[in-house]
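Working through the structure, step by step
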Amino acid sequence: MFSYLSHLECSWCHAHYPADRLYNVCPACGRPLLARYDMEAAKAGFRPEMLAGRPATLWRYAEMLPVKDPAYRITLGEGFTPLLRLERLGAALGQSQLYAKDEGLNPTASFKARGLCLAVARAAELGARALGIPTAGNAGSAMAAYAARAGLPATVYAPRDVPPVFVAEMSALGAEVFLVDGLITDCARCVQEGVAAGRWFDLSTLKEPYRVEGKKTMGYELAEQFAWTLPDVIIYPTGGGTGIVGMWKAFAEMEQLHWTGSARPRMVSVQAAGCAPIVRAFERGDEVAGTWENAATIADGLRVPRAIGDFLILQAIRQSGGTALAVTDEEIRAAMSEIGRTEGIFVAPEAAATLAALRHLCQSGFIRPDERVVLFLTGSGLKYTHLVRAPMVNEA
Ligand SMILES: *Cc1c(COP(=O)(O)O)cnc(C)c1O
Ligand SMILES: [Zn+2]
């Protein structure tokens, strides 16, 4: 399988750069770089029929992914997660076509596996010798796993209050873990210092071009699983926003490939009431989001006070006719238990936030009862057992 990757383009100033060397952000303006492909050649040479019989991982879309040498296509079985019908929850909410994408089934139990699989693979292919990352937990675990798979040393910086299970997992996967007094933005500063000292390549969200390429496969999969149509609404828990930006990119690419039409899902960004910079910017009509002060929420992956891709997230929401809303930690806890009880899926708090948001959007009329709606259940609840209040135990 051949990759049609052609060059990098800055998402802000549109400067072009070669794709065959390591870049972080745009050297001219400091904004995210995006991978571009030879779409004319891809349209002629890559067709949906070719996917038949390929492995059920994200590498089935290798032509539209950045890794050129098949030897670098490392895998732990990431992607091609189930698209599940949620009959019971749908009935309770009066929605006849409610679905979930169960991303908790990815390696290291979250959709972070998609982005880090691609970022690590491509960094290895381009000659990176060591990798560093700031994390709320899941990104560090995924990076540790794929770095081990690629044979590269990994260093992770996490806030001191990261659940201990992540530290255990990252250590078991061979990463060196540092705990930081502060938030993920403070961890990012530590990683930056290591970059300046020449110690590693920085894999922060949207600060290198390829995590978003891994995340975009969620868009390709949705289309394939819905027989080359797209749902009406996607509800996505937003921290750094790579998933929204990636899926939005996938929808544009698939239209150019003539795999899907021009109709797009309305993209809904869900954040936590204690850290909602994108929601605030959306409501104010701002183009960028700025920094949220005193960020606090039980949904660690949503505790991102500032996102470098803020303008890309806001563009996707607005261009799609979508919306952004915040939900409280109480609503998130209730939704975690409701998804578990009614559908048999134990989800992370970030994932549960999508159900809390759905309830508001049904009540407000933003979502009509017969629309096809997909909740992105981005991670498993197994690393958040501290959030399960009063687990039911009976003495035998
Ligand atoms: C990181 C994370 C998010 C936020 O994802 P972004 O793409 O950074 O916006 C949501 N859910 C879980 C479980 C996460 O680990
Ligand atoms: Zn630029």
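Before going into details, it helps to say that this report is about the structure given with it.

The rules behind each value
- Residues numbered from 1 in each chain as written.
- Chains lettered and ligands numbered in written order.
- Predicted model: local features only at pLDDT ≥ 70, side-chain atom pairs only at ≥ 80, totals over all residues.
- Heavy atoms only, no water.
- 1 Å grid on protein atoms, 1.4 Å probe; cavity = no way out; pocket = protein on both sides within 12 Å on 5 of 7 lines; lining within 4 Å.
- Points joined across faces, edges and corners; volume = space filled by probe spheres on them.
- Helix = DSSP H or I, 4+ residues; strand = E, 2+ residues; numbered from the N terminus.
- Nonpolar A, V, L, I, M, F, W, Y, C, P; charged D, E, K, R; others polar.
- Pairing = 2+ DSSP bridges.
- Axes fitted to C-alpha atoms, helices over the stretch in contact; angles between N-to-C directions.
- Near = heavy atom within 4 Å.
- Polar contact = N/O pair within 3.5 Å; in protein donor to acceptor, adjacent residues only side chain to side chain.
- Areas by Shrake-Rupley, 256 points an atom, 1.4 Å probe, with all protein chains shown as cover.
- Sits in = over half its atoms within 2 Å of the grid points.

1. Re the layout of surface pockets
- Here the largest pocket is characterised by a volume of approximately 670 Å³.
- Along its surface, the largest pocket is lined by 38 residues, and Ile 184, Thr 205, Gly 239, Gly 240 and Val 304 are the ones closest to its centre.
- Contributions of two or more residues to the lining of the largest pocket are made by helix H4 (138-150), helix H6 (184-196), helix H7 (211-225) and strand E10 (233-237).
- Top element by residues in the lining of the largest pocket is H6. It accounts for five residues.
- Split by residue class, the lining of the largest pocket holds 14 nonpolar, 16 polar and eight charged.
- As a volume, the second largest pocket reaches approximately 350 Å³.
- Along the wall of the second largest pocket there are 19 residues; nearest its centre are Leu 34, Arg 36, Trp 248, Lys 249 and Ala 252.

2. A short note on the sheet that holds strand E4 (residues 83-85)
- Pairing is mixed in the open sheet, where six strands are placed in the order E4-E5-E13-E10-E11-E12. The open sheet has two edge strands with one neighbour each: E4 and strand E12 (323-327). The average angle at which neighbouring strand axes cross in this sheet is 25 degrees, direction not considered.
- Pairing between E10 and strand E13 (residues 372-377): three bridges, direction parallel. Across the sheet, Val 233 pairs through a bridge with Val 373, a residue of E13.

3. Side note on the site of ligand 1
- Not every one of the 16 residues close to ligand 1 is listed here, only the nearest: Lys 112, Tyr 236, Gly 239, Gly 241 and Thr 378.
- Between ligand 1 and the protein, one listed contact pairs an oxygen atom with a side-chain N or O atom of Asn 138 at 3.0 Å.
- Residue Thr 242 places a main-chain N or O atom 3.3 Å away from an oxygen atom belonging to ligand 1.
- Compared with its free state, where it exposes 380 Å², ligand 1 has 96% of that area covered by protein.
- Of the pockets mapped on this structure, ligand 1 occupies the largest pocket.
- Looking at the shell around ligand 1, the elements with two or more residues in it are E10 and helix H8 (242-256).

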